[in-house]
Amino acid sequence: MAVTYEQVRGWVLALPGGREVMVESWGHPTLRIGDKMIAGGAPGSPTMSIKASIQDQAELIATDPDTYAVADYVGRYGWVRITLATADPDEVRRIVEDAWRRTAPKRAVRAFDSGQR
């Protein structure tokens, strides 16, 4: 079990509207759906933050507090900080897809879902 920034980046970029944007003032890239950020981190970093709901954040932390924590700055909105070395790739991919579903246009979500069936 372990996840890398590159894996998360690949999952986001594979989703409709997914892109990576470097934020020079922060010193690291962000992963976005259109112009809306859904994840932040950097290659080689031991952690990254991903958008989640307040309820999902609480459940993740309760289930695995060694891997999940309230993200700095945006944790009050549900964002979760993930320790990549101990994270389950399937769970992180689910968190990424849930973040995409909360952020992407509803029409894009419907089109994506109908293409999966």
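Our subject in this report is the structure included herewith. Keep in mind that this is a model prediction, so the values were computed, not measured. (Residues numbered from 1 in each chain as written. Predicted model: local features only at pLDDT ≥ 70, side-chain atom pairs only at ≥ 80, totals over all residues. Heavy atoms only, no water.)

So, about the overall build of the chain. Each helix and strand counted, the chain has four helices and six strands in total. When the elements of the chain are put in sequence order from the N terminus, they spell out α-β-β-β-β-α-β-β-α-α. The C-alpha atoms of the chain give a radius of gyration of 14 Å, which matches the 13 Å a tight globule of 117 residues would have. The proportion of buried residues among the 117 residues of the chain is 38%. Counting contacts in the chain only where the partners sit at least 6 residues apart, residues at least 24 apart contribute 47% of the total. Here the chain carries 15 positive and 15 negative side-chain charges, and the mean point of each set is 10 Å from the other. (Helix = DSSP H or I, 4+ residues; strand = E, 2+ residues; numbered from the N terminus. Rg over C-alpha atoms; globule rule 2.2 N^0.38 Å. Buried < 20%, exposed > 50% of the residue type's maximum accessible area, 1.4 Å probe, protein only. Contact = heavy atoms within 4.5 Å. Lys, Arg positive; Asp, Glu negative; His and termini not counted. Charge placed at Lys NZ, Arg CZ, Asp CG, Glu CD.)

This next bit is on the pairing of strand 3 (residues 36-40). Pairing between strand 2 (residues 28-33) and strand 3: four bridges, direction antiparallel. Bridged to Leu 31 within strand 3 is Ala 39. Count of turn residues in the strand 2/strand 3 antiparallel hairpin: two residues, of which Gly 34 carries a positive phi of about 60 degrees. In terms of strand pairing, strand 3 meets strand 4 (residues 47-50) through two bridges, oriented antiparallel. (Pairing = 2+ DSSP bridges.)

Here we come to helix 2 (residues 54-63). By the burial criterion, the buried members of helix 2 are Asp 56, Gln 57 and Leu 60. Here the buried residues of helix 2 occupy an arc of 100 degrees about the axis, which is enough to place them on one side. Along helix 2, exposed side chains directed more than 90 degrees from the buried face belong to Gln 55 and Ala 62. Turning to helix 2, the residues buried within the fold contact strand 5 (68-70), strand 6 (80-83) and helix 3 (89-103). (Arc of directions from axis to C-beta.)

This paragraph deals with the sheet that holds strand 4. In space, the six strands of this open sheet follow the order 1-2-3-4-6-5, with antiparallel pairing throughout. Both edges of this open sheet fall to strand 1 (18-23) and strand 5, since each of them pairs with a single strand only. The mean inter-strand angle of the sheet, taken between neighbouring strand axes irrespective of direction, is 35 degrees. Pairing of strand 5 with strand 6, which is carried by three bridges, proceeds in the antiparallel orientation. Paired with Ala 69 across the strands is Arg 81, a residue of strand 6. Running over the sheet, helix 2 touches strand 5 and strand 6 and is turned about 130 degrees from strand 5. (Axes fitted to C-alpha atoms, helices over the stretch in contact; angles between N-to-C directions.)

This next bit is on the environment of Pro 43. Considering the arrangement of structural elements, one finds Pro 43 in the loop between strand 3 and strand 4. On a C-alpha basis, the gap between Pro 43 and Ile 33 in space is 19 Å, while along the polypeptide they are ten residues apart. If sequence neighbours within four positions are ignored, Pro 43 has contacts with Tyr 5, Glu 6 and Pro 29.

From the geometry alone we can't say anything about function, so treat these as descriptive.
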